[in-house]
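Next come the chains, spelled out residue by residue.
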Amino acid sequence: MKIEGRNLSLRYQDKLVLENISFTLESGNRLALIGSSGSGKSSLIKGLIGLPSFYQGEVKVDGNMLTNDWINRFRRRVGYVIQGGGLFPHLTVKENALVLVRSMSLADDDCDKRFTMYAELAQLESKLFPLYPHQLSGGQKQRAALVRALVHEPELLILDEPFSALDPVIRYTLQRDVKALIASLKKSLILVTHDLNEAKHFADQISFMHDGKILQTGKFLELKENPKHKLIGEFFTAQLAEF
Amino acid sequence: MNIVTLSKHLLLAICLLCSFKAISKDIVVGSKKFTENIILGELAKQIIEDDVGLSVTHKEELGGTRVLFEALKRGDIDIYPEYSGTLIFEILASQGKNSLEELKDHLRGLGLGITKPLAFNNTYALGMRREQAESLGIHKISQLSSHETLRYGLGHEFLDRQDGWPGLAKAYSLSHQNISGMDHDIAYKAIRTGRIDLMDLYSTDAEIQGYDLIALEDDKQYFPEYAALFLYRLDLEESVIASLKRFEGLIDANTMVGMNHLAKFEKQSPEMIAQNYLSQNLGVSGSEAVNETVLSDIVKRSTQHLYLVFVSLFAALVVSIPLGYLCFVWQKAGKIILGFVGVIQTIPSLAILVVMIPLFGIGELPAIIALFLYSLLPIVRGTHLGFSQIEPGLDFMIESMGLPKKSKIWRIRFPLALPAILNGLKTSAVINVGTATIGALIGAGGYGQTILKGIRLDDHQLILSGAIPAALMALGIQVAFDYLEKSLVSDGIRTK
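Treat the numbers as computed from the prediction; the structure is a model and nothing was measured.

Enquirer: Help me understand the overall build of chain B, please; the structure alone is not making it clear to me.
Expert: Helix and strand content of chain B: 21 helices and ten strands. When its C-alpha atoms are laid out on the principal axes, chain B stretches across 85 × 55 × 45 Å. Looking at the 496 residues of chain B, the share that counts as buried comes to 51%. When contacts within chain B are restricted to residue pairs at least 6 apart in sequence, long-range pairs at least 24 apart make up 77% of them. Accessible surface computed for chain B: about 22,200 Å², of which carbon and sulfur atoms make up 60%. When the 45 positive and 52 negative side-chain charges of chain B are each reduced to one mean point, those points stand 10 Å apart.

Below, the structure written as structure tokens:
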């Protein structure tokens, strides 16, 4: 699935949250959106899979203009994980994972098979299946959310700060497992993060965002060696510095 | 069958049920909520049943003159005992008519008729405890103006009526400040225990003698004549009206006081009193008086009460949940809807009931509609709260997963909102149990009937046999809803 954004702007309560953003994500590519809090990373994602009419500008999916008419079909080709997991609190882990595929008229057997397969891939322990979100730890929630984002076999995975707010050991294990999983599934990926290290390991392209604009897009090394903006240099120095 | 069709079917069933009740046309006698009027109503019921052989229903203890008069005009009742002074002052005041003949003419225009007076006059009077009156040397109303510290307990109707307190105070230049409005039967209790010094009396009340009160002389002849008579609809069969007319000139004041005494102090039922009177004076065997046991009475009242509470609650549920959801999806309309149902909640229940009589008559229907209106706010608000309290992150997740609209609502949003919706329902149900007791005033039955009767007869046991089951019902509903919550709400979001 190829996604192109052209001149995207988003205004929220008199504030320009996104300003003339353009980007292209080729099928199978992995893009990291990086920048500090409030730079517009999450807004870009939310606009993309939320309501296209909120935007000015256009999004094309495989060359077709994304409109309200078929946004739900597009959404079902995307798997989405947010900070904290975003699991539905009234459903068990398994029900959460299957809520979308069950609505897509997939046979129960197939649903179960897929669930077991992706739970194994995401290393989600089977004793957690019947539990509710409030009974899970932060890391377990993220694994469950990841399974939910994969069960309908999307072409694009969007991970919005999935590892934030986890304690370091759990975060490290989870990052390692997710990276291996993504590598084996060969899906397109958009990762929203403010962690350069994460961006470097998960993505082949990095877009650096600030104040609703993309300041530079390129490989990790390009941004590190040839920052086109003073802020990018500072960001790299601050995050990679040793003291 | 989905929920919408299901509710349509149930609604239809309720409408049919209500209309069937309206079609079955017995003769209905009404009576006000004091003993004498109920005995008179019972006399009318039994004599008609015996003379004409028709089945007659007696709706007793309806609240106030307005309720009965409106119900008579609408045809919800066919006959009720009334007093000439009340008709002239209360109902025809604006017409400037004050003789019985003029009254008759005016009533004919409304399709109503009156019998000749029964031969006793139940006028208003002001009463005091005998020993207090004697120690203060008061025996007539004009002497009251020099005793301004006396405490008055006056009936609500008396306080408002043209021929009641406002006119009396003017006629005798009484400027007392110490006046409380209270129920007639409560006032007897208050005067007996010395909490008030003066009350309005009906001159045939058995309590006057029983509690050693004296009626002060109306030395300026302010109070008009209140000749007891029957008021009826002219569309009644001749034979029924003829039967009623047998009472004309028959019942004198002593007889009436005697019957009131039997009810109040000998605890005889109005049915029994009427039956004995008819067999002794008119040679009428009368219908077999059914003596209800306390238990069968509680069962009957509980059934009526539950019916009122649950039919109104169900109707409110069918309307309020969609309304609450509408408030959530369409916030502008939501503000108006929430404001509107909030305003309804502030209208006093008695006012709603009385306003409803011209539209829906008396009985269960107006009571159910009033309860329905009161049930709206908690459920609409609960539903609105339930849907809007989903936090923004989760809300976006629901929208962006690609779920079909149906699944978004029925799999995710509705189950998440359910605890708040159930809470609203529970609140409405519990409030309904309490409010439904007022329904007795317009003939809807239920525990209110038992409580009213207990107050009227000053019978604490009877009051409690209405109040305790009502409290238990409220408690039971609470428990039932807790159980319902346990079985319907996901363990993942249940707090208890």
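Having seen it, we continue.
Enquirer: Where do I start with the sheet that holds strand β3 (residues 30-34) of chain A in this structure?
Expert: Either a parallel or an antiparallel arrangement is found when strands of a sheet pair, and the pairing is made through backbone hydrogen bonds. Residue and element names in this part refer to chain A. Overall, mixed pairing links the six strands, which are arranged β6-β7-β8-β3-β9-β10 in an open sheet. Bordering the open sheet on either side are β6 (78-82) and β10 (213-218), each of which pairs with just one other strand. Each adjacent strand pair in this sheet contributes to an overall mean axis angle of 15°, direction not counted. Contacting β3, β6, β7 (156-160), β8 (188-193) and β9 (205-210), helix α1 (residues 41-49) crosses the sheet at an angle of about 140° to β8. Contacts from helix α5 (residues 138-150) reach β6 and β7 within the one sheet, and its direction differs from that of β6 by about 165°.

Enquirer: What is the right way to read the packing of aromatic side chains from this model?
Expert: Where two aromatic rings form a pair, the distance of their centres and the angle of their planes describe that pair. Considering all chains together, one arrives at 21 aromatic pairs over all chains under this definition. Between the aromatic rings of B:F34 and B:Y83, the centroid separation amounts to 6.3 Å while the plane-to-plane angle is 25°, which identifies the pairing as stacked. Of this pair, B:F34 sits in the loop between β1 (27-32) and α2 (35-52) while B:Y83 is found in strand β3 (residues 79-83), placing the two residues 49 residues apart along the sequence. Neither B:F34 nor B:Y83 differs from the other in exposure class; each is buried. An aromatic cluster is present here, built from B:F34, B:Y83, B:Y124, B:F158, B:Y202, B:Y222, B:F223 and B:Y226 joined pairwise through their rings. Over the face of the ring belonging to B:F396 we find A:K46, whose NZ or CZ atom lies 5.7 Å from the ring centre. Between the NZ or CZ atom of A:R148 and the centre of the ring of A:F88, over which it lies, the distance is 4.8 Å.

Enquirer: What exactly am I supposed to notice about the pairing of β7(A) here?
Expert: When a strand is regular, its side chains alternate between the sheet's two faces. Residue and element names in this part refer to chain A. Of all five residues in β7, five are buried; the element is thus mostly enclosed. Bridge analysis of β6 against β7 gives five bridges, and the strand direction is parallel. In the strand pairing of β7, I82 is matched with D160. In this sheet, β8 lies alongside β7 in parallel orientation, the contact comprising five bridges. Counterpart to L159 in the pairing with β8 is L191. The parallel pair β7 and β8, bridged by helix α6 (residues 168-185), forms a crossover whose chirality is right-handed.

Analysis parameters
Residues numbered from 1 in each chain as written. Chains lettered and ligands numbered in written order. Predicted model: local features only at pLDDT ≥ 70, side-chain atom pairs only at ≥ 80, totals over all residues. Heavy atoms only, no water. Helix = DSSP H or I, 4+ residues; strand = E, 2+ residues; numbered from the N terminus. Buried < 20%, exposed > 50% of the residue type's maximum accessible area, 1.4 Å probe, protein only. Contact = heavy atoms within 4.5 Å. Areas by Shrake-Rupley, 256 points an atom, 1.4 Å probe, with all protein chains shown as cover. Lys, Arg positive; Asp, Glu negative; His and termini not counted. Charge placed at Lys NZ, Arg CZ, Asp CG, Glu CD. Pairing = 2+ DSSP bridges. Axes fitted to C-alpha atoms, helices over the stretch in contact; angles between N-to-C directions. Phe/Tyr/Trp six-rings, centres within 6.5 Å; stacked < 30°, edge-to-face > 60°. Lys NZ or Arg CZ within 6 Å of the ring centre and 35° of its normal. Right-handed = clockwise from strand over helix to strand, strands pointing away.

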